[in-house]
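Residues per chain are reported as follows:
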Amino acid sequence: MKDLKYVAAFSTPLVAFIALYLGGYYTYLTLIYAFGIIPIMELIFSQSKANLSPEEVTKKSTNPIFDWLLYLNIPIVFGLLLITVFNVSTGMYETYELVGLIFSTGIVLGSNGINVAHELGHRQTKAAQIMAKLLLLPSLYMHFFVEHNFGHHLHAATKEDPATARYNQAVYSFWITSTIRQYGKAWKIQKDLRKREKFSFFSPKNNMFWFTVLQVAYLATIFYFFGSIGFIFVIGSAIVSFLLLETINYIEHYGLLRKKLPSGRYERVREVHSWNSNHTIGRIVLYELTRHSDHHYKASKKYQLLDCHEESPQMPYGYPTSMILALIPPLWFKVMNKRIPSEMISTTK
């Protein structure tokens, strides 16, 4: 039964379905759940630093249930999206309800869409990578697949990485710099791959070109079948979802930079270059994303196998609470700046 604990990750889309069904001010229920109820639960339930034994690693690494819990997000995410956009397009909702549903759907696209796409995007099978790209489509953030896998994991915790927030950089500034720089860098990475592997701009291997085509086609289809209201809804939901992602990026690497070696290259990525959180509820509903230090230490490791490293910088709160804290920059700086390891302070200011 312990292996089924990640079913709790489906609680977010379940709340979103309830919010859609009830309507009215209940459309904000998902927002309240994600950034109100879950943070309270994280304060109630203790943290867990326990790691798996070698025997448990062997057992859990081959158990297909963990993969299927990821795959199930595809029908759930797209089912919620289509049902909601259909209802919205009928014009039956007031403006305040539409805003609530945009936040509701956007949170699901971020937590059960982009987050799961992130996990699947690190898998080596073609099927898993296709599913990852599919889950990124409604967030209009398909370039994340290219930049994250070929850029972020190479340059994390350096000034060259758009997804690493600088010391004393506010999250609102980071939203702008990270989204713009990541998109531009994804095109540059794709261009370099084309030169190295010698394929044409229109080749199926040119992800960035086909991502653009798919996303434009997606928006055009939404506009054709669901009109301007449906179009505005999917745009708004996408923005909420990728800003959710960028806020997570912000708290994951805030203020942490790798040292530059005499050779001019950076030291290798270690467990100290990402913030770790052992808060149980956040770990479960986000498929262990909060054990981010181990993920960067070995990106190919599946979510259910991630470890806690004592030497990793530890977040005082879980991810949902930390995201709220980040939205209040003076408070965020007061809490987090003193937690940045002293040997990194001089290189981050």
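Along every chain, residues carry numbers that run from 1 in the direction the sequence is written. The predicted nature of this model means local features are confined to residues of pLDDT at least 70 and side-chain atom pairs, given and counted, to a pLDDT of 80 or more, with totals for whole chains, interfaces and linings taken over all residues. Water and hydrogen atoms play no part in the side-chain values, which are based on all heavy atoms of the structure.

By the naming in an unreviewed UniProt entry, the protein chain is Alkane 1-monooxygenase 1, taken from Kordia antarctica. Under the heading Subcellular location (unreviewed entry), UniProt records this for the protein chain: "Cell inner membrane". Taken from UniProt, the Sequence similarities (unreviewed entry) comment for the protein chain reads in full: "Belongs to the fatty acid desaturase type 1 family. AlkB subfamily." UniProt positions are given in the numbering used here, feature names are shortened, and annotations may be inferred rather than shown by experiment.

Attention shifts here to the UniProt feature "transmembrane region" (unreviewed entry) in the protein chain. Under the feature "transmembrane region" (unreviewed entry), the UniProt entry names residues 65-86, 98-118, 208-226 and 232-251. Spanning residues 98-118, this segment combines 100% helix with 0% strand, and its end C-alpha atoms are found 28 Å apart. Counting from the N terminus, the helices are the DSSP runs of H or I reaching at least four residues and the strands are the DSSP runs of E reaching at least two. In residues 208-226, the share of helix is 100% and the share of strand is 0%. The end C-alpha atoms are 27 Å apart.

To obtain each axis, a line is fitted to C-alpha atoms, and for helices this fit is confined to the stretch in contact; angles are then taken between N-to-C directions over 0 to 180 degrees. For the pair helix α8 (residues 143-155) and helix α9 (residues 171-197), the least separation of the axes is 9 Å and the interaxial angle reads 85°. Comparing their axes, α9 and α8 come out roughly perpendicular. Across the interface between the two elements, His143, Phe144, Val146, Glu147, Phe150, Gly151 and His155 from α8 touch Gln182, Tyr183, Lys185, Ala186, Ile189 and Gln190 from α9. In what follows, roughly perpendicular refers to angles from 65 to 115 degrees, roughly parallel to angles under 35, roughly antiparallel to angles over 145, and oblique to any angle outside these ranges. Any two residues whose heavy atoms approach within 4.5 Å are treated as being in contact.

With that settled, the discussion passes to the nonpolar core. Nonpolar cores were defined as sets of buried Ala, Val, Leu, Ile, Met, Phe, Trp, Tyr and Cys residues, with membership established by side-chain atoms within 4.5 Å. Buried, partly exposed and exposed residues are distinguished by accessible area as a fraction of the type maximum, computed with a 1.4 Å probe on protein chains only: under 20%, between the cut-offs, and over 50%, respectively. Residues Leu120, Leu135, Phe233, Val234 and Tyr287 are the most contacted members of the largest nonpolar core, which totals 53 residues. Of all the secondary-structure elements, those providing two or more residues to this core are α1 (11-22), α4 (65-71), α5 (73-89), α6 (95-121), α7 (126-136), α8, α9 and α10 (207-253). Per element, the largest residue contribution to this core is 11 residues, and it comes from α10. In contact with Leu135, other than residues within four places in its own chain, are Asn73, Ile74, Val77, Phe78, Asn112, Gly113, Ile114, Val116, Ala117 and Leu120. Counting 31 residues, the second-largest nonpolar core is a separate cluster that includes Trp175, Ile251, Ile281 and Val285.

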